[in-house]
Amino acid sequence: MPRRTDIKKILVIGSGPIVIGQACEFDYSGTQACKVLKSEGFEVVLINSNPATIMTDPETADRTYIEPITPEIIEKIIERERPDCLLPTIGGQTALNVTTVLSDRGVLDKYGVELIGAKISAIKKAEDRKLFKEAMQRINMDLPVSGFAYDLKQSIEGVEKIGFPVIIRPSFTLGGAGSAVAYNIEEFRKMAQTALDSSMIGEILIEESIVGWKEYELEVMRDLNDNVVIICSIENFDPMGVHTGDSITVAPAQTLTDKEYQNMRDAAIKVIREIGVETGGSNIQFAINPENGRMVVIEMNPRVSRSSALASKATGFPIAKIAAKLAIGYSLDEIPNDITKKTPASFEPTIDYVVVKIPRFTFEKFPEANSALTTSMKSVGEVMSIGRTFKESLQKAIRGLEIKRHGLDREKIKDSLEEIKSKLTIPNCSRIFNIKYALQLGLTVDEVATLSKIDNWFIYQIKEIVDLENVLRKNRDKIKNSEFMKKLKQYGFSDSQIGQLANKTEKQIRALRIKSGVLPVYKSVDTCGAEFESYTPYYYSTYE
Amino acid sequence: MRAIIALEDGTIFRGNSFGAEGETSGEVVFNTSMMGYQEILTDPSYKGQLVTMTYPLIGNYGVNRKDFESRKLFVEGFIVKEYSKTASNWRSEKTLDELLKKYNIIGIESIDTRALTRHIRLAGAMKAVISTKTVNTKSLIEKAKYSPGLVGRDLVKDVTSKKIYEYPPSPLPLPQGERTKERGFNVIVMDFGVKYNILKCLSKLGCKITVVPAKTSADEILSMRPDGILLSNGPGDPAGVPYAVETVRKLLHRLPMFGICLGQQILGLALGGKTYKLKFGHHGGNHPVKDLKTNKVEITVQNHGFCVDIDSLNKEDIEITHINLNDRTLEGLRHKKLPVFSVQFHPEASPGPHDSLHLFENFIGMIRKSSS
C-alpha cells in the first residue's frame, strides 16, 4: 500500500516535561517521527510543553506549539490548525492519555480528526485493565488471577479471594505510578487507597502475585496489511516485582528455548491483533514461571515506549521512524531497511552481540525515597552497552553508569554475609554488587539464585567473572600471558580493574596489553548478524 | 584444549574445543537464529555442514529430549563464540557439551564468528576442517580442499530412514470430540532427511503417516494407496539424488504432492527446471517471504544452499507463488493443472516463527479436493 494521499496535515503530540518513567527517549522517537512525516510531504503541527527538546527545534515541524499538553489547549490548536490526523503513539503515556480525553469529549469527532497509529478503541483496550483482561480472555491468554475494585471495601473482598502477596495496579497512570506489592492486610489497606487515588478513573486491579517469575518483553510492529514482525526480545535480569524501567535488562532473551520463545511470539502476535493496534510498534510484557514454564501476559503498551527506544538502539531497527511510515499507509515490505538498503523492513532483526541495559538511580538526591525497588519506577536514566559476551556487556554498562566504578570491581566487603544475604532478597539498586560479594564470600550460584530469584544463568556469568579475578589474584604474573589478557578483556575487565587486581597502574596495564597485541576490534550493529552488507557506521568495540 | 578451523582458501581461525575431540570436515555455513541450537544440531539437512551460529552465546538453556528434530545429530561440526558451561531452563536435561560428546560431534568456541560469517558472505560458503589433533595448518588446509563438499553429492542416503515406518508409532487416541468426521488421510512422507516437526504437523491434522526411505520406488509408493505425498527437506544438492527426481516425476500425475526445501528442489527438477548453488545459502529464522497471491509477508525459517532457478521453470504449467524479499529468489511454486505445490522454506519451523504453519492445512485441503 502506498503512502496515503487523502491527508495533508498531521498533529503530533510530544511527551512534555521529563519525569521519572518518561525521559528523553520520547524526544528521540518524536523527532524521528516528525522528520519522517515532513520528508513525506505532510504538514506537521507539533505540541510539546518542553522547549528543551530537539523535537521543539524550529525545523522539526512546520508549526510548533510550546504549550501545556492539556485537552483544552489541544482543542484550541485543533480548532485553529484543522489537522486531518492526530498521531498519538509517539509521545509516551502523556500523549495517549490526553488523546483519550480528547476522544471522550468528542473533540476529535467535532473537528473530523482521524487518529493514525492506534485508534481509540485499541488505546482503551490496552490501557484499561478491565478491557485488557477481557480481550486477553477472548484469545485464551493465560493471565494472573485478578479482580477489579473501585473502593477500599471491594479491594479487601478481592484480596481475601486471591491471597497474599498481591499486586495492586491502578488503571490509567504514568510509569506504573501507584502500583505496589502488598504482603499483608495492613500494607494492603494503605497501598490500595493510594492506588485508587492515583488512577484517573478510580479503578484498581488486584492481581495474583507473580513476583519472582521470569520477565520478558517483545517489541512488535504491525502494518495495515496485517504483517506482524518482532523487532526484539528482552529478558529482565531482575525477576517480576521490579518495574521494567528499574530492572537490568538483556537483549535478546537468553534462557528461553525456541519452543518457549515461539510460543511467546505467537502470543504477542495474537495480542496485537486482538487489541487492534493497526500500525506501528507495541511493547508486550510476559512472565514465565521458572518452575514449570507457565507463561502469562502482563501488559501491553500500544505505542512507542521506553523499551522501543532501547530495542531500536539494540538492534539498529528504527522503530519510531518505521512506526511513522506505517501510520501514513506504507506496509513493512515497502520500506527499505536503512542499514542494509537492499532488504526490506519486513523482517526480524537478528543480533550477534549481547545488549545490557542498567538503570541509573540517584537516591542521594531523593533522601526521602525508599531505595528498595518495586513496581513503581524510581530510576532517572539508563545506560546501554553492547558486547560479545554477557560478562563484557555487563561490565561495560556498569562503567557507563558514572558511579565511580570501573566494572564489577573487587572491593573490600563491609557487610557481613548475613547482611549481604538479606540485601539479595530485597531488590535494590546495588543488588548487582551484592551478588558479586556473595559469590566472593563463597555462596554458591544456586544459593544466590534462590535468594535473589535471579536466573542461575546470570548468576553463573558473574561467578565466571569472580573466578577469573581469583585466578589473577593468585598469580599476578598471568597478565604477561597474552591469551589470559585477552580473556580478561573478553570478560569485560577494564585496564584499571586489571591494574587493581594485579597491583599495577592502569597505564602499566594498558602498555603491557598493547605490547602483547591485545587490541580491541570494532564490530557493526547491522540488524542481520553480518548476513548482508551494512551502510550505517554504528559500531561497538570488543575483543576477539 | 585448543582447536583450529582451516578453510580451503587458507583462512585460519583458532579457538578452544568443546564437545567431542578429533577432526571433522564439511562446508562451513552460518545460521542467524538466536535460539534453537538443539533443533539445528538434530536437523538432517545439516549433514555435510559445519554450522556457525552468528548469535554469540550458545548452550544457555541446555538440551532436552523433546526438542530433537530427528534420531540423532547430523551436523559435522559446531562453531560458536562462547558456549555456556551452565544450562538454565526448566526443561533442560543436559548441557550442550554433554550432548555433543554423546553423539561425537566436534564443537569449537572462542571463534570470532562474526569475522567468519563476514568471510563466508564475501567469499561464499566453502569447505573447511575443524581439528583438535594437530596444529599443522598447512595439512589442514589441504584436507579442507580435498574434502568432498556438497556439490553433486548424495547425502540423502546417509540420513534417510533405513526402513518404512509409521508415525505416530502407535496411533495416539484423539481426545473425545476432537476426532474429525472424515477419516484421516494416508500421507506418505518421502524421507530425504525429514524433521520430526513435519510429521507432528501432519499428525495434528489427523493424517496417518507412512515414512518411506528416499529410494522407495514409485510403484511401491502407489501400491500403498496413499492420498497424498510429502517430499521432505533434506541435505545437500538435489542434483545428487537423480533417483528421487525420477520417482517424483513418475508420481506427478498420480497424487497430490507438497514439497518442502529439498523437496521443492527435487520437484523443480522433476518439473523440468534447473537448480543452482547459492553463494552462502539461507540459514536462519528471519527471512521475509511474500505470498504473491495475498501480498502478505511471512517471516520464514530457511535452511538451504541450493535453489530452483525461477527462469528455468515453464510458466505455462507452473505458477510462482512465493518469493524471498531479501534476494528475490524462488520460495514457492504451484502446478497450474496438477494438485502439486512446494515451498523452499520450512513451514514446520522448529526452530523459528510459526507464520507458515497454515501450509499444512492447504495440503490437506488439496488432498480433500482431489480425493472427492
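Just so you know, the residues in each chain are numbered from 1, in the order the chain's sequence is written. Each chain takes a letter, starting from A, and each ligand takes a number, starting from 1, following the order in which they are written. The predicted origin of the model limits local features to residues at a pLDDT of at least 70 and limits the giving and counting of side-chain atom pairs to 80 or more, whereas totals for whole chains, interfaces and linings rest on all residues. Side-chain measures were taken over the full set of non-hydrogen atoms in the model, leaving aside hydrogen atoms and water.

### Considering the overall build of chain B
In step 1: Secondary structure follows DSSP: runs of H or I at least 4 residues long count as helices, runs of E at least 2 residues long count as strands, and numbering of each begins at the N terminus. Of the regular secondary structure elements, chain B holds 10 helices and 19 strands.
In step 2: Taken over the C-alpha trace, chain B has a radius of gyration of 20 Å; the compact-globule value for 372 residues is 21 Å, and the two agree within 12%.
In step 3: For chain B, with 372 residues in total, the buried portion stands at 65%.
In step 4: Residue-level accessible areas treat just the shown protein chains as cover; the underlying method is Shrake-Rupley with a 1.4 Å probe. When the accessible surface of chain B is totalled, it reaches about 14100 Å², and 50% of it is carbon and sulfur. Between the two quantities, the radius of gyration covers C-alpha atoms and the globule rule is 2.2 Å times the number of residues to the power 0.38. Buried residues are those whose accessible area, probed at 1.4 Å on protein chains only, stays under 20% of the maximum for their type, while exposed residues exceed 50% and partly exposed ones sit between those limits.

### Section: the pattern of salt bridges
In step 1: Any Lys or Arg side-chain nitrogen found within 4 Å of a carboxyl oxygen on Asp or Glu counts as a salt bridge. Applying the stated criterion across every chain yields a total of 62 salt bridges over all chains.
In step 2: Salt-bridge contacts for A:D333 lead to B:K290; the nearest nitrogen and oxygen are separated by 2.6 Å. Here B:K290 lies in strand β15 (residues 275–291) and A:D333 lies in the loop between α11 (319–327) and β15 (354–360), a pairing that spans two chains.
In step 3: A residue is classified by how much of its surface remains accessible, and B:K290, at 16% relative accessible area, is buried.
In step 4: Ionic contacts of the salt-bridge type, sharing partners, join the residues A:R4, A:D6, A:E114, A:K119 and A:E278 into one network.

### Comments concerning the interface of chain A and chain B
In step 1: Any two residues having at least one pair of non-hydrogen atoms within 4.5 Å are treated as being in contact. At the interface, 61 residues of chain A touch 50 residues of chain B.
In step 2: In this description, buried area is defined as the sum, over both parts, of the accessible area (probe of 1.4 Å) that is lost when the two are combined. A buried area of about 4500 Å², summed over both sides, lies between chain A and chain B, and 49% of it is on carbon and sulfur atoms.
In step 3: Broken down residue by residue, the surface that chain A buries against chain B is led by A:K259, A:R388 and A:E531, which jointly contribute 15%.
In step 4: Here chain A and chain B share 11 salt bridges between them.
In step 5: Between A:K523 and B:D112 there is a salt bridge whose closest N-O contact spans 2.9 Å.
In step 6: Whenever a nitrogen or oxygen atom comes within 3.5 Å of another N or O atom, the pair is scored as a polar contact, on the condition that within protein one atom can donate a hydrogen and the other can accept it, and that pairs from neighbouring residues in sequence are kept only if both atoms are in side chains. For the interface between chain A and chain B, the tally reads 30 residue pairs in polar contact (both at pLDDT 80 or more).
In step 7: Those elements that provide at least two residues to the side of chain A that touches chain B are β11 (228–236), α9 (258–275), α12 (390–400), α16 (456–474), α17 (482–490) and β17 (521–524) of chain A.
In step 8: Looking at the side of chain A that touches chain B element by element, the count peaks at 9 residues for α9(A).

### Overview of the confidence of the model for chain B
Residue and element names in this part refer to chain B.
In step 1: For chain B, per-residue confidence averages 95 on the pLDDT scale, and 96% of positions sit at 70 or higher.
In step 2: This model gives residues 177–181 a pLDDT under 50, and the stretch forms 1 contact once residues within four places in sequence are excluded.
In step 3: Confidence estimates for the predicted assembly give a pTM of 0.94 and an ipTM of 0.95. Each residue gets a pLDDT score, which is the predictor's confidence in that residue and runs from 0 to 100.

### Considering the side chain of B:Q38
In step 1: The topology assignment puts B:Q38 in helix α1 (residues 37–41).
In step 2: When near neighbours in sequence (up to four residues on either side) are disregarded, B:Q38 contacts B:Y61, B:V63, B:N64, B:D67 and B:F68.

### Thoughts on the domain arrangement of chain B
All names here are of chain B.
In step 1: Looking at the assigned domains, one finds that chain B contains domain 1 (2–146) and domain 2 (156–371).
In step 2: If you average the C-alpha positions of domain 1 and of domain 2, the two centres end up 28 Å apart.
In step 3: Contact residues are listed per partner, giving 28 residues for domain 1 and 22 residues for domain 2.
In step 4: Between domain 1 and domain 2 lies a buried interface of about 2000 Å² when both sides are counted; carbon and sulfur atoms form 49% of it.
In step 5: Counting the surface domain 1 buries against domain 2, the share from its top three residues, S45, E69 and R71, is 28%.
In step 6: At the junction of domain 1 and domain 2, the tally comes to 1 salt bridge.
In step 7: The partner of E27 in a salt bridge is K277, and the shortest N-O contact between them spans 2.9 Å.
In step 8: Linking domain 1 with domain 2 are 14 residue pairs in polar contact (both at pLDDT 80 or more).
In step 9: Of all the secondary structure elements, the ones that give two or more residues to the side of domain 1 that touches domain 2 are β3 (23–31), α1 and α3 (113–123).
In step 10: Note that Gly is not counted as nonpolar here; it falls among the polar residues with everything else outside the nonpolar set of Ala, Val, Leu, Ile, Met, Phe, Trp, Tyr, Cys and Pro and the charged set of Asp, Glu, Lys and Arg. When grouped by side-chain class, the residues that make up the side of domain 1 that touches domain 2 number 12 nonpolar, 8 polar and 8 charged. How far each domain reaches was decided by an automatic or database domain assignment.

### Considerations on the environment of A:E72
Residue and element names in this part refer to chain A.
In step 1: Considering the arrangement of structural elements, one finds E72 in helix α2 (residues 71–81).
In step 2: E72 gets classed as partly exposed once you look at its relative accessible area, which sits at 44%.
In step 3: In sequence terms E72 and V107 are 35 residues apart; their C-alpha atoms lie 9.7 Å from each other.
In step 4: Here R105 takes part through its side chain, which lies 2.9 Å from a polar atom of the side chain of E72.

### Some words on unusual backbone geometry
In step 1: Between A:F164 and A:P165 the backbone carries a cis peptide bond, its omega angle lying at -5°.
In step 2: Along the chain, A:P165 turns up in the loop between α7 (152–162) and β7 (166–170).
In step 3: In this structure, the amide linkage connecting B:Y167 to the following residue, B:P168, adopts the cis form with an omega of -5°.
In step 4: Among the secondary structure elements, B:P168 is positioned in the loop between β10 (165–167) and β11 (186–191).
In step 5: For A:D226, which is not glycine, the phi dihedral falls at a positive 65°.
In step 6: With respect to the helices, strands and loops of the structure, A:D226 is situated in the loop between β10 (214–222) and β11.
In step 7: In this model, A:K404 sits at a positive phi of 60°, which is unusual for a non-glycine residue.
In step 8: Examined against the element boundaries, A:K404 turns out to sit in the loop between α12 and α13 (417–425).

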